Amino acid sequence: MPPMNLNSIVYKSTRFIFASIHAHLLRAFFAGVLIPFGFAPFHLPGLTILGLALLYAQLRGQTKKLSFWTGFTFGVGFFGLGITWVYVSIHEYGHLNAFISACITLLFVIYLSLYPALLTFLYSRLKVKSALFSCFLFSALWCLSEYLRATVMGGFPWLLVGFGQIDTPLKYLLPVVGVYGVSFLTCLAATFLVNSMLINLKKRYLWTTAFVGILVIPSILKHHQWTAISKTPVSVGIIQANLSMRDKWDETLFWQLLQHYKDGIDSLVGKAELVVMPESAIPLPANYVSDFLDTIHLEAKQADSSILLGIPQPTNAGSETYYSNSIIALGAAEGRYLKQHLVPFGEFIPQPFERIIHWLSLPPANLKPGNKKQLLIRVHNHPIATLICYELAYPQLLRNQLPEAEWIVSVSDDGWFGHSLAMYQQLQIAQVLSLQTGRYQVVANNDGLSSIIDSGGNIAASLSPFVAGILESNLYSAIGSTPWLYFGDMPALFLIIVIVILVIFLHIPRREPQHTAKLISN
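Residues numbered from 1 in each chain as written. Predicted model: local features only at pLDDT ≥ 70, side-chain atom pairs only at ≥ 80, totals over all residues. Heavy atoms only, no water.

## Thoughts on the overall build of the protein chain
Consideration 1: Tallying secondary structure elements over the protein chain gives 18 helices and 13 strands in all.
Consideration 2: For the protein chain, buried positions account for 51% of its 522 residues.
Consideration 3: In the protein chain, the proportion of contacts linking residues at least 24 apart, taken out of those at least 6 apart, comes to 70%.
Consideration 4: Here the protein chain has roughly 24900 Å² of accessible surface; of this, 64% comes from carbon and sulfur atoms. (Helix = DSSP H or I, 4+ residues; strand = E, 2+ residues; numbered from the N terminus. Buried < 20%, exposed > 50% of the residue type's maximum accessible area, 1.4 Å probe, protein only. Contact = heavy atoms within 4.5 Å. Areas by Shrake-Rupley, 256 points an atom, 1.4 Å probe, with all protein chains shown as cover.)

In structure tokens form, the structure reads like this:
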């Protein structure tokens, strides 16, 4: 056999290394793609656990550099599938061509992927030898990465792992430890699953038992009722128009829209104590449709019914007129709510991007957020909590209105996102909020899945997506608090930080001072 050329050996070795790295990153990408299948509309939470387990397994023995790219590639798969609706919004309703829309969406996915990349880099950097402490460290770092993603620069708290566990027994812990606490336990279960397959046979049963225990033990809270639910029903009617964003601005269709709402109100007042219409149900300020509003207000008041609807509210700022995305109360209800947390790029332009928006000749956003402290809307003297669209992803906004509020009303218009995953993911978040707070919720959405959610996070009644219709059902007011309402996410986040600090303190090797080392050597 002739001797091999040195260059040939180097070439083949390099090729083998790159092929191995590519295969490794491809597996990480596949693991990330699995995560969104644990959320609505797929409802396969086991795949989220499997995706996290595959990521954890791949990090064993990796270099810091490769770990970073493993996490980054995982994130591209995760968010590349999970937030495809961002492209729909930018392309269909931002009026940008397909290429620019795809580039903007890709940049957003790249940004979000930096968070799991940071997680995997830090995990690899710390190099914990203990299998148990390694599990806790990975789970804690995952939750910290989710918290940072949800808060930095306004945050993007979408697809937090805890939201997807509404379909597992872990959901019973949501009123106790919140979304981040459930995210931590989900990750911990995933790491235990890996160890049950890789650790020696004697300990395998312990890891398997721990894995099953995390997923099953929360079921003991299944029948626990954290809040006191009234036995007196409140009848509710939701009007779902299913009108596209473009059609709202067509003058002919606009008057047809008003007539559609008027017909729905006529059929519900006197029969339903509360009538709810979605976000921006009327896309023009009140002074443009004052006759219509006066008519339905008087009709509802005479029938002792309440009406809540979404409409822009003008607010003056200096010499310019801005608007607030709002919910107003008519009939037997009183008050209003101005949206506090606006959607970046949709409702306001972050200052660093204002020049880019101007360069692209896009219209500037002219919406302003409402005050943090607002009086609650009252429906027949019942105080209620209100959220508008994207605010559902920020549970703290809801917590600030509780425990005074007796139920929740959330309104949305997911027409911005077309036939995508957004609407289903948002409804799942709404389910989690009802479960966390022990409150019924009215979900009014323009283009589908308008629902009544009970205090256990279950959908009691719902309309189909992308059809017009009226949903009639009942809800029940609630008083009292869950542990999460008392303490929020701070206990879970504090515990996670303590875990990271303890692991670092106990398992990072300490260097001996040089003079001590010399004495020993002598």
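## Looking at the side chain of D454
Consideration 1: On the secondary structure map, D454 appears in the loop between β11 (451-453) and β12 (459-462).
Consideration 2: No salt bridge is formed by the buried D454; its nearest oppositely charged neighbour, K171, is found at 7.8 Å.
Consideration 3: Separated by 2.9 Å, the side chain of D454 and the backbone nitrogen of G456 make a polar contact.
Consideration 4: Those residues in contact with D454 that sit more than four places away from it in its chain are S434, R439 and Y440. (Lys, Arg positive; Asp, Glu negative; His and termini not counted. Salt bridge = Lys/Arg side-chain N within 4 Å of Asp/Glu carboxyl O. Polar contact = N/O pair within 3.5 Å; in protein donor to acceptor, adjacent residues only side chain to side chain.)

## Concerning unusual backbone geometry
Consideration 1: With an omega dihedral of 5°, the bond running from A40 to P41 counts as a cis peptide bond.
Consideration 2: Relative to the elements of secondary structure, P41 occurs in the loop between α1 (6-34) and α2 (45-58).
Consideration 3: A cis amide bond, omega 10°, links L402 with the succeeding residue P403.
Consideration 4: You can see P403 is positioned in the loop between α14 (395-399) and β9 (408-412).
Consideration 5: Positive phi is not limited to glycine here, since S280 has a value of about 50°.
Consideration 6: Phi angles above zero are rare outside glycine, and C389 is one such case at about 50°.
Consideration 7: Looking at the secondary structure, you find C389 in the loop between β8 (382-388) and α14.

## Regarding helix α6 (residues 131-151)
Consideration 1: The first and last C-alpha atoms of α6 sit 31 Å apart over 21 residues, in line with the 30 Å expected at 1.5 Å per residue.
Consideration 2: Just downstream of α6, M153 is the residue with a positive phi angle, here 55°. (Expected span 1.5 Å × (residues − 1).)

## Some details on empty space enclosed by the protein
Consideration 1: Under the definition given, this model contains two cavities of 30 Å³ or more.
Consideration 2: Along its surface, the largest cavity is lined by L392, S412, D414, M423, Q426, L427, A430, V443, N445, G448 and L449.
Consideration 3: For the lining of the largest cavity, the secondary-structure elements that each account for two or more residues are α15 (422-437) and β10 (441-445).
Consideration 4: If you add up the space inside the second largest cavity, you get close to 40 Å³.
Consideration 5: As for the second largest cavity, its lining consists of F78, F79, Y115, P116, W142, S145, E146 and R149.
Consideration 6: For the lining of the second largest cavity, the secondary structure elements donating two or more residues are α3 (64-82), α5 (98-126) and α6.
Consideration 7: Top contributing element to the lining of the second largest cavity by residue count: α6, with four residues.
Consideration 8: Grouping the constituent residues of the lining of the second largest cavity by class yields five nonpolar, one polar and two charged. (1 Å grid on protein atoms, 1.4 Å probe; cavity = no way out; pocket = protein on both sides within 12 Å on 5 of 7 lines; lining within 4 Å. Points joined across faces, edges and corners; volume = space filled by probe spheres on them. Nonpolar A, V, L, I, M, F, W, Y, C, P; charged D, E, K, R; others polar.)

## Notes on the packing of α2 against α6
Consideration 1: The N-to-C vectors of α2 and α6 enclose an angle of 120°; their axes lie 12 Å apart at closest approach. One element, α2, and the other, α6, form an angle in the oblique class. Crossing of α2 against α6: the hand is right-handed. Across from L52, L55 and Y56 in α2, the residues of α6 making contact are A131, S134, C135, F138 and W142.
Consideration 2: Of the residues assigned to the contact of α2 with α6, the class counts are seven nonpolar, one polar and no charged. (Axes fitted to C-alpha atoms, helices over the stretch in contact; angles between N-to-C directions. Parallel < 35°, antiparallel > 145°, perpendicular 65-115°, else oblique. Left-handed = near helix turned anticlockwise from the far one by under 90°.)

## What about the pattern of salt bridges?
Consideration 1: For the coordinates displayed, the defined rule picks out four salt bridges.
Consideration 2: Between E299 and K262 there is a salt bridge, with the nearest N and O atoms lying 3.5 Å from each other. Here E299 is found in helix α12 (residues 290-302), whereas its partner K262 is found in helix α11 (residues 251-268), with 37 residues between them in sequence.
Consideration 3: Taking the shortest distance from any N to any O, the salt bridge between E472 and K271 comes out at 3.5 Å. Note that E472 is positioned in strand β13 (residues 469-479) and K271 in the loop between α11 and β2 (274-276), a separation of 201 residues in sequence.
Consideration 4: By sharing partners, the salt bridges in this structure join K262, D266 and E299 into a single network.

## Some thoughts on the nonpolar core
Nonpolar side chains in soluble globular proteins tend to be buried together.
Consideration 1: By size, the foremost hydrophobic cluster in this structure holds 89 residues, and its most contacted members are I83, W85, L137, W142 and W158.
Consideration 2: Sort the elements by how many residues they give to this core and helix α8 (residues 174-198) lands first, with twelve residues.
Consideration 3: Sequence-distant contacts of W158, that is, excluding residues within four places in its chain, are made with W85, R149, Y390, A393, A422, Q425, Q426 and I429.
Consideration 4: Of all hydrophobic cores here, the second largest spans 26 residues; its members include I238, Y337, V411 and V442. (Core = buried A, V, L, I, M, F, W, Y, C linked by side-chain atoms within 4.5 Å.)

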